[in-house]
Amino acid sequence: MSATKRPEGVTIRAVGERAGVSAMTVSNVINGAGKVGPATRAAVLAAIEELGYRPNIAARRLAKAGATTLGLVYSSRGTPFIDSILLGALRATNARGLQFIAQGEEELTRQAAEAAVRSLVQSGAAGVLLVPPFAELLSGSGLFVELGVAAAAIATGQRMADISTVRIDNRAAMAAVTAHVAGRGHRRIGFLAGPDTFSVAAERLAGFRDGLAASGVAYDPALVVRCGFDPESGAQAGRALLTLPERPSAILCSSDDMAAGLIGAAHRMGLRLPDDLAVTGFDDTAIAARLWPPLTVVRQPVGDMAFRAVEQVLASLRSQAVEDRVLDFELVARESVGPG
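Only a predicted model underlies this, so the values are computations on that prediction, with no experimental measurement involved. Note that residues are indexed from 1 along each chain, following the sequence as it is written. Local features in this predicted model are restricted to residues of pLDDT 70 or higher, and side-chain atom pairs are both shown and tallied only at a pLDDT of 80 or more, whereas totals for entire chains, interfaces and linings draw on every residue. Only hydrogens and water are removed before side-chain values are computed, so all heavy atoms of the structure are retained for them.

> If you had to explain the overall build of the protein to someone new, which residues and values would you point to?
Of the regular secondary structure elements, the protein holds 13 helices and 13 strands. Pairs of residues are marked as contacts when any of their non-hydrogen atoms sit within 4.5 Å. Restricting to contacts in the protein with at least 6 residues of sequence separation, those with at least 24 account for 74%. For the protein, the accessible area works out to roughly 14,600 Å², and carbon and sulfur atoms hold 50% of it. Where helices and strands are cited, they refer to DSSP runs of H or I of at least four residues and of E of at least two residues respectively, numbered from the N terminus. Surface accessibility follows the Shrake-Rupley procedure with a 1.4 Å probe radius. Residue values consider only the protein chains on display as shielding.

> How would you sum up unusual backbone geometry? Please name residues and give values.
Cis geometry is found at the peptide bond from Leu-273 to Pro-274, where omega equals 5°. If you trace the backbone, Pro-274 turns up in the loop between helix H12 (256-268) and strand E10 (278-283). Pro-293 follows Trp-292 through a cis peptide bond whose omega is -5°. For Pro-293, the position within the fold is in the loop between E10 and strand E11 (296-299).

> Explain the nonpolar core to me, using residue names and the numbers behind them.
The nonpolar core is taken to be a set of buried Ala, Val, Leu, Ile, Met, Phe, Trp, Tyr and Cys residues, with the residues joined through side-chain atoms within 4.5 Å. Relative accessibility decides the category of a residue: with a 1.4 Å probe and only protein chains considered, values under 20% of the type maximum give buried, values over 50% give exposed, and everything between is partly exposed. Leu-72, Leu-129, Ile-154, Ile-189, Phe-191, Phe-208 and Leu-252 are the most contacted members of the largest nonpolar core, which totals 47 residues. It is helix H13 (residues 302-319) that contributes the most residues to this core, eight residues altogether. Contacts of Ile-154, omitting those with residues within four sequence positions, involve Ile-85, Leu-130, Val-131, Pro-132, Val-166, Met-305, Ala-306 and Ala-309.

> Describe the packing of aromatic side chains, with residues and values.
Any aromatic ring pair is given by two values, namely how distant the centres are and how the planes are angled relative to each other. Put simply, two rings from Phe, Tyr or Trp (the six-membered ring, in Trp's case) pair if the centres are within 6.5 Å, and we call them stacked under 30 degrees between planes, edge-to-face over 60, tilted for the rest. The full count for this structure, using the stated rule, is three aromatic pairs. Seen from their ring centres, Phe-191 and Phe-208 are 4.6 Å apart, and the 10° between their planes marks the pair as stacked. One end of the pair, Phe-191, is in strand E7 (residues 189-193); the other, Phe-208, is in helix H10 (residues 199-214), with 17 residues separating them in the sequence. Here Phe-198 and Phe-229 contribute two aromatic rings whose centre-to-centre distance is 4.9 Å and whose plane-to-plane angle is 75°, an arrangement assigned as edge-to-face. Taken as a pair, Phe-198 in the loop between E7 and H10 and Phe-229 in the loop between strand E8 (224-226) and helix H11 (231-242) lie far apart in primary sequence, 31 residues in all. You'll find Phe-198 and Phe-229 in the same group, each marked buried.

> Please set out the pairing of strand E2 (residues 69-75) residue by residue, giving values where relevant.
Most of E2 sits inside the fold, with seven of its seven residues counted as buried. The alternating pattern of E2 places Thr-69, Gly-71, Val-73 and Ser-75 and Leu-70, Leu-72 and Tyr-74 on opposite faces, both of which are buried. Pairing analysis gives seven bridges linking E2 to strand E3 (residues 99-105), with the strands arranged parallel. By the bridge assignment, Tyr-74 is partnered in E3 with Gly-104. For two strands to be treated as a pair, DSSP must find no fewer than two bridges joining them.

> Before we move on, could you go through the sheet that holds E7 and cite the residues and values that matter?
Paired through backbone hydrogen bonds, the strands of a sheet run either parallel or antiparallel to each other. Taken together, the six strands give an open sheet; going across it, the order is E8-E7-E9-E10-E11-E13, and neighbouring strands pair in mixed fashion. Each of the sheet's edge strands pairs with one partner strand only, and the pair in question is E8 and strand E13 (330-332). Across this sheet, the average inter-strand angle for adjacent strands is 15°, counted without regard to direction. For helices, the axis comes from a line fit to the C-alpha atoms of the stretch in contact; other axes are also lines fit to C-alpha atoms, and the angle between any two N-to-C directions lies between 0 and 180 degrees. Contacting E7, strand E9 (250-253), E10, E11 and E13, helix H9 (residues 170-182) crosses the sheet at an angle of about 165° to E9. Those strands touched by H10 are E7, E8, E9 and E10, and its axis lies near 170° from that of E7.

> Could you give an account of the confidence of the model for the protein, with specific residues and numbers?
Confidence of the predictor at the level of single residues is captured by pLDDT, which takes values from 0 to 100. Looking at the protein, pLDDT values average 88 and 88% of them are 70 or higher. Counting interchain partners and residues more than four positions distant, the pLDDT-below-50 stretch residues 62-66 has four contacts.

> With reference to specific residues and values, describe the packing of H11 against H12.
Here H11 crosses H12 at 50°, and the two axes come no closer than 7 Å. Here H11 is positioned oblique relative to H12, judged by the angle of their axes. Along this stretch, H11 crosses H12, giving a crossing that reads as right-handed. Contacts between H11 and H12 involve Pro-231, Gly-234, Ala-235, Gly-238, Arg-239 and Leu-242 from the former and Asp-257, Met-258, Gly-261, Leu-262, Ala-265, Ala-266 and Arg-268 from the latter. Gly falls in the polar group here, along with every residue not listed as nonpolar (Ala, Val, Leu, Ile, Met, Phe, Trp, Tyr, Cys, Pro) or charged (Asp, Glu, Lys, Arg). The class makeup of the residues in the contact of H11 with H12 is seven nonpolar, three polar and three charged. An angle counts as roughly parallel when it lies under 35 degrees, as roughly antiparallel when it exceeds 145, as roughly perpendicular when it falls between 65 and 115, and as oblique in every other case. For any pair of crossing helices, the crossing counts as left-handed if the nearer helix is rotated counterclockwise from the farther one by less than a right angle, and right-handed if it is rotated clockwise.

> Could you give an account of the environment of Ala-306, with specific residues and numbers?
With respect to the helices, strands and loops of the structure, Ala-306 is situated in helix H13. In this structure Ala-306 comes out as buried when scored by relative accessible area, which is 0%. Those residues in contact with Ala-306 that sit more than four places away from it in its chain are Ile-85, Gly-88, Ala-89, Ala-92 and Ile-154.

> Which residues make up the side chain of Ser-199, and what are the values?
Looking at the element boundaries, Ser-199 is found in helix H10. Counting of polar contacts relies on pairs of N or O atoms within 3.5 Å, with two restrictions inside protein: one atom must be capable of donating a hydrogen and the other of accepting it, and residues adjacent in sequence are counted only when both atoms are side-chain atoms. Only 2.7 Å separates the side chain of Ser-199 from the side chain of Glu-136, close enough to count as a polar contact. Polar contacts involving the side chain of Ser-199 include one to the main-chain amide nitrogen of Gly-157, which spans 2.7 Å.

> Can you tell me about the packing of helix H5 (residues 80-95) against H13, naming the residues and giving the values?
Contact geometry for H5 and H13: axes closest at 8 Å, N-to-C directions at 45°. When the axes of H5 and H13 are compared, the pair comes out oblique. Considering only the axes of H5 and H13, their crossing is right-handed. Residues Phe-81, Ser-84, Ile-85, Gly-88, Ala-89, Arg-91, Ala-92, Thr-93 and Ala-95 of H5 form the contact with H13, whose own contacting residues are Val-302, Ala-306, Phe-307 and Val-310. Across the contact of H5 with H13, the residue classes break down as nine nonpolar, three polar and one charged.

Next up, the structure:
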């Protein structure tokens, strides 16, 4: 876990020191309050310009508001994973007496993401929670500085310079499940990788390669297929691997939803799981234990992630700090990989 100061996080005190006046005088200039002489005002404005000071508008809202409102931007292509995050965010905001609004967006582009955030801010949001890939799309855009709001991302693959993040070590997690499968004797192992617009996709692919190398299994790029995180994509990508002249004996998936689609495709092809094919998922959403056979997965503490993200936004509203929290994951072994 680490925290850094945003580049724009220059304090009122620093401006006052540069201008040779008190922090109260700087505050009066910014807010148009009190009596400040023309020369003093000019000195303060020059210091603001030189240091690149940006008033923390969100913190002012927090101080003045009776009930702070937080918004969440998520993909409206509903999945159990998204449902888990929405529920976790709702519980977290309710526990702190905050108002909560959510904005679903089907189009996964920066333009659409910016429009969704602006809509939330217009509806009163002082802080914004982001679900992948919206954090990746908006990082570096300057939007949150422009709007004066804080942001935190849930379940990204990497830390970000301008957005707080709460995540697991996706690379280590996928390496662990890969080694688990290889330890059951599998040597021809396929992998369904997520789209490269998601930062977790690169991390999980790297972890897959790490796990193979640690197990003495050669990496074969022909056994890696990129697809969406949804069941339909998982089914299509799974069929591509299962119809190879020499099909894999195990396929690791970057999400539970992918795995659900793959398992359905495998059943329709007459394969018996786990005897003919071992499958793993990632996330441990509600669907994982209900599939047949139940999925071996990496479990992300999604509810805890949502609580931590709310804490990050509230802290950022006051301090403008950007924090990266890495939580523990758990490997949950079930029947989809077989006994032992």
